[in-house]
Amino acid sequence: MAAQYAGHVPEVSFPERRLVLFDLDGTLVDSAPDLGAAVDRMRTRRGLPSLPASAYRPMAGAGARGMLGVAFGMTPEHPDFPEFREEFFRSYEDHLLDHTYAFEGVPALLQALEAAHISWGIVTNKSERFTLPLVRGMDVLAKAAVVIAGDTTPHSKPHPEPLFEAARRLEIPPLECLYVGDDRRDMEAARAAGMAAVAATWGYLGEHDVATWGADALAGHPREVARLLGVAVS
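Residues numbered from 1 in each chain as written. Predicted model: local features only at pLDDT ≥ 70, side-chain atom pairs only at ≥ 80, totals over all residues. Heavy atoms only, no water.

Asker: What is the right way to read the pattern of salt bridges from this model?
Answerer: Proximity of charged atoms lets side chains of opposite charge pair with each other. Under the defined criterion, the tally for this structure stands at 15 salt bridges. A salt bridge links R46 to E87, with the nearest nitrogen and oxygen atoms 2.7 Å apart. Of the two residues, R46 is situated in the loop between α1 (32-45) and α2 (53-56) and E87 in helix α4 (residues 81-93); the sequence distance between them amounts to 41 residues. Taking relative accessible area as the criterion, R46 reaches 36% and is therefore assigned partly exposed. Assessed through its relative accessible area of 14%, E87 is described here as buried. The shortest N-O distance in the salt bridge between R169 and E165 comes to 2.9 Å. One end of the pair, R169, and the other, E165, are both in helix α7 (residues 161-170), four residues apart, so they sit about a helical turn from each other. (Salt bridge = Lys/Arg side-chain N within 4 Å of Asp/Glu carboxyl O. Helix = DSSP H or I, 4+ residues; strand = E, 2+ residues; numbered from the N terminus. Buried < 20%, exposed > 50% of the residue type's maximum accessible area, 1.4 Å probe, protein only.)

Take a look at the structure:
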């Protein structure tokens, strides 16, 4: 299940935005079940007991660092981290779409944007190795106008360059873009790029205080993003 947050009707609005960019994991799709299962297989192969999915979920947005930290108490400074990370990558790569799904309300939001002739795309820190197969494998993401992964440009979020690259590819000024994400780095990248920043509080929030992220607005459900844009959701 998605992280829960007390939703509200946004008091601000962002009319006339031509492009909406989204983070991927924790914003458009819930990949926590497959990420957790990938590292949990590593535990059980080593004779360790399986951990519940709920143990992994809060760190799903932190990638290999978060998953290995939960499963093995391992930090990137550990000498075995690179080997464990690649094992995790292979384990995840083989099961990218077993249990990953779009969050409730996301398909309707994307359809509403398309009906309103607002382009939408994806900017994620997930590497192309996983991002591109995942996007191609999910029908709901098939109409993304642009997909920028964590290694598409020399920088990843919170650097603004991935957002700039997405806007450049579609020839849309950053001031006419809105970025939606569920991590502080998303908000920092959006602000640095001059884009409106919306925190998706249905994502992988963990124990973070979203109110301190400096977002222009909070959205407790995808339909609230539509309201911010003045777009009707069926």
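Asker: Would you mind going over the layout of surface pockets with me for this structure?
Answerer: Summary: where empty space remains is shown by rolling a probe the size of a single water molecule over the atoms. The space that makes up the largest pocket amounts to roughly 760 Å³. Considering the residues around the largest pocket, the lining is formed by 33 residues, among which G61, A62, G63, N125 and R185 are closest to the centre. Listed by contribution, the elements that provide at least two residues to the lining of the largest pocket are α3 (63-72), α4 and α8 (184-193). No other element matches the five residues that α4 contributes to the lining of the largest pocket. A breakdown of the residues in the lining of the largest pocket according to their chemical character gives 13 nonpolar, nine polar and 11 charged. (1 Å grid on protein atoms, 1.4 Å probe; cavity = no way out; pocket = protein on both sides within 12 Å on 5 of 7 lines; lining within 4 Å. Points joined across faces, edges and corners; volume = space filled by probe spheres on them. Nonpolar A, V, L, I, M, F, W, Y, C, P; charged D, E, K, R; others polar.)

Asker: Can you walk me through the pairing of strand β4 (residues 119-123) in this structure?
Answerer: A regular strand carries its side chains on alternate faces of the sheet. Of all the five residues making up β4, four are buried; the element is thus mostly covered by neighbouring parts of the structure. In terms of strand pairing, strand β1 (residues 19-22) meets β4 through four bridges, oriented parallel. Bridge pairing in β4 links F22 to I122. Sheet analysis places β4 next to strand β5 (residues 147-148), joined by two bridges and oriented parallel. In the sheet register, V123 faces β5, and the bridge partner there is I148. Tracing the backbone out of β4, into helix α6 (residues 128-137) and back to the parallel element β5 gives a crossover that is right-handed. (Pairing = 2+ DSSP bridges. Right-handed = clockwise from strand over helix to strand, strands pointing away.)

Asker: How do you make sense of the confidence of the model for the chain when you look at a structure like this?
Answerer: As a note on interpretation, predicted positions should not be read in detail where pLDDT is low. Averaged over all residues, the pLDDT of the chain equals 93, while 94% of them reach at least 70. Low pLDDT, under 50, characterises residues 1-10; the predicted model gives this stretch 24 contacts beyond four residues in sequence or across chains. (pLDDT = per-residue confidence, 0-100. Contact = heavy atoms within 4.5 Å.)

Asker: What should I look at first to understand unusual backbone geometry in this one?
Answerer: In terms of backbone geometry, most residues other than glycine have negative phi values and most peptide bonds are trans. Here the residue pair K157 and P158 is connected by a cis peptide bond, since its omega of 20° sits within 30 degrees of zero. Tracing the chain through its elements places P158 in the loop between β5 and α7. Unusually for a residue other than glycine, E16 sits at a positive phi of about 60°. Looking at the element boundaries, E16 is found in the segment before β1.

Asker: Just checking my understanding: could you explain α4 for this structure?
Answerer: For an α-helix, the turn length of 3.6 residues means that residues three or four places apart are oriented alike. Under the 1.5 Å per step criterion, the end-to-end length of α4 is 18 Å for 13 residues, consistent within 8% with the ideal 18 Å. Those residues of α4 hidden inside the fold are in contact with α1, α3 and α6. (Expected span 1.5 Å × (residues − 1).)

Asker: Is there a simple way to think about the nonpolar core in this case?
Answerer: Judged by nonpolar contacts, the single largest core of 53 residues is most densely connected at F22, L28, F88, L113, W120, L141 and V180. Excluding residues within four positions of it along the chain, F88 makes contact with L35, A38, V39, M42, G63, A64, M67 and L68. (Core = buried A, V, L, I, M, F, W, Y, C linked by side-chain atoms within 4.5 Å.)

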